[in-house]
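# Architecture at a glance
Read off the chains here:
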Amino acid sequence: MQLSKSNVLERSDHVYDAIIVGGGAGGLSAGIYSQRYLLSSLIIDKGKARSFWMQELHNYLGLPPDTPGRVLLQQGKKHYDSLNGDFLNAYVEEVVDEGDTFAVRVKVGRQNSIYSVLRSKYLIAASGIIDHLPQLENMQNVFEYAGYNLHVCMVCDGYEMADKECGLFAGSEASIEEMVFSLSWFTPYITVFTHSLFSVSGELRSKLQQYGYRLVETPIKQFLGKNHHMTGVELVDGTVVELETGLIAMGSHYHNTYLEGFNLERKGGYLITDQMGRTSHPRIFAIGDLKVGLNQVVIAAGDGALAATQIWREIRRAVGAKPWLSNLPSALTQT
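Remember, predicted model here, so these are calculated numbers, not experimental data.

Parameters and conventions
Residues numbered from 1 in each chain as written. Predicted model: local features only at pLDDT ≥ 70, side-chain atom pairs only at ≥ 80, totals over all residues. Heavy atoms only, no water. Phe/Tyr/Trp six-rings, centres within 6.5 Å; stacked < 30°, edge-to-face > 60°. Helix = DSSP H or I, 4+ residues; strand = E, 2+ residues; numbered from the N terminus. Buried < 20%, exposed > 50% of the residue type's maximum accessible area, 1.4 Å probe, protein only. Lys NZ or Arg CZ within 6 Å of the ring centre and 35° of its normal. Salt bridge = Lys/Arg side-chain N within 4 Å of Asp/Glu carboxyl O. Expected span 1.5 Å × (residues − 1). Contact = heavy atoms within 4.5 Å.

## With respect to the packing of aromatic side chains
Within the structure shown, the criterion is met by ten aromatic pairs. Geometrically, the ring pair formed by Phe 181 and Tyr 211 is edge-to-face, given 5.4 Å between the ring centres and 65 degrees between the ring planes. One end of the pair, Phe 181, is in helix H5 (residues 173–183); the other, Tyr 211, is in helix H6 (residues 202–211), and 30 residues separate them in sequence. Using a relative accessible area of 24% as the deciding quantity, one classes Phe 181 as partly exposed. Judged by its relative accessible area of 47%, Tyr 211 falls in the partly exposed class. The side chain of Arg 316 reaches across the aromatic face of Trp 312, ending 4.7 Å from its centre.

See the structure below:
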């Protein structure tokens, strides 16, 4: 059932088996598996998932390689709805552990908002991350190309950058170290842009020069191109650097502030989980881009299946086997 301002309060007395925070590929997968396990689930989604912005899903087995991410999510939502799971467009403000249940406080609606508390036995954090983009005076100029041939994931789109003049738009010296030499597997024609955000050490400068990679530290004025196809950048001094493609490596923002009240084990910004997605809290699971692992849509979908399966196993064991009451010896004797 689609929940909204008009009916969300009707669910305030209901205890879900699992509340899933995030309606991307991981969250929808977890919801679909939960409902097919005959569990009670609620997906709370605050807006556009990271995969919504992907123009083409090249690495998802069985899908045409030009499938937009939004199509995958739309089909996933239809599948979940067909299984009678609850779905709420809202922002999760806080999660409180009450012992046997979690109290999940949500804000519903951006204007004239209402607040509600919903409860569940388990929590699946599937709210993901969002990539930082180069901050220009005209951000629409960035949005014209990001997700097209201005990429944010080398694993997803390294193939598309093969042997092309590529701009690496870095957010820190560490991001250059982490990405440039991996990117060179696909193309050696690399120009590194710092956008004047940080200083580059002499050691790294020397290393870049050793491999012939160019370093541009002058701030970027705008991206150049047409019809979502980026062809280069114009710097603030008027210089134009021609490119065929680009990779943004400026870090990400983690959508997990609702977990701040929990002392969960982390590695960097990512949550550490076991093979089924369980965090260091026994009833909190983390899937997709929030957990340590590979940030891929197909991996997130698998994570959702694992987390929902583990939750079903535990609830099933706690409830025990269901007897066929009318076929028990005592029932037969009475009849």
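## Focus on the pattern of salt bridges
When the charged atoms of two side chains with opposite charge come close together, those side chains can pair. Summed over all chains, the structure comprises 13 salt bridges. Note that Arg 119 and Glu 98 form a salt bridge whose closest N and O atoms lie 2.9 Å from each other. With a gap of 21 residues between them, Arg 119 in strand S7 (residues 114–125) and Glu 98 in the loop between strand S5 (91–97) and strand S6 (102–108) connect regions that are remote in the sequence. Residue classification places Arg 119 among the partly exposed positions, given a relative accessible area of 26%. Close ionic contact of Lys 291 with Asp 303 constitutes a salt bridge, the shortest N to O distance being 3.7 Å. Within this pair, whereas Lys 291 is found in the loop between strand S20 (284–286) and helix H7 (297–319), its partner Asp 303 is found in helix H7, the two being separated by twelve residues in sequence. Salt bridges here are not isolated pairs; linked through shared partners, they connect Asp 274, Arg 278 and Glu 314.

## Focus: helix H1 (residues 25–36)
In this model H1 runs 16 Å from its N-terminal to its C-terminal C-alpha over twelve residues, within 8% of the 16 Å that 1.5 Å per residue would give. Taken across its twelve residues, H1 has ten buried, putting it largely inside the fold. For H1, the elements touching its buried residues are strand S2 (15–21), strand S3 (41–45), helix H2 (69–82), strand S4 (86–89), S7 and H7. Two residues or fewer past H1, Leu 38 is found with a positive phi of approximately 65 degrees.

By themselves, these observations are geometric and do not establish any function.
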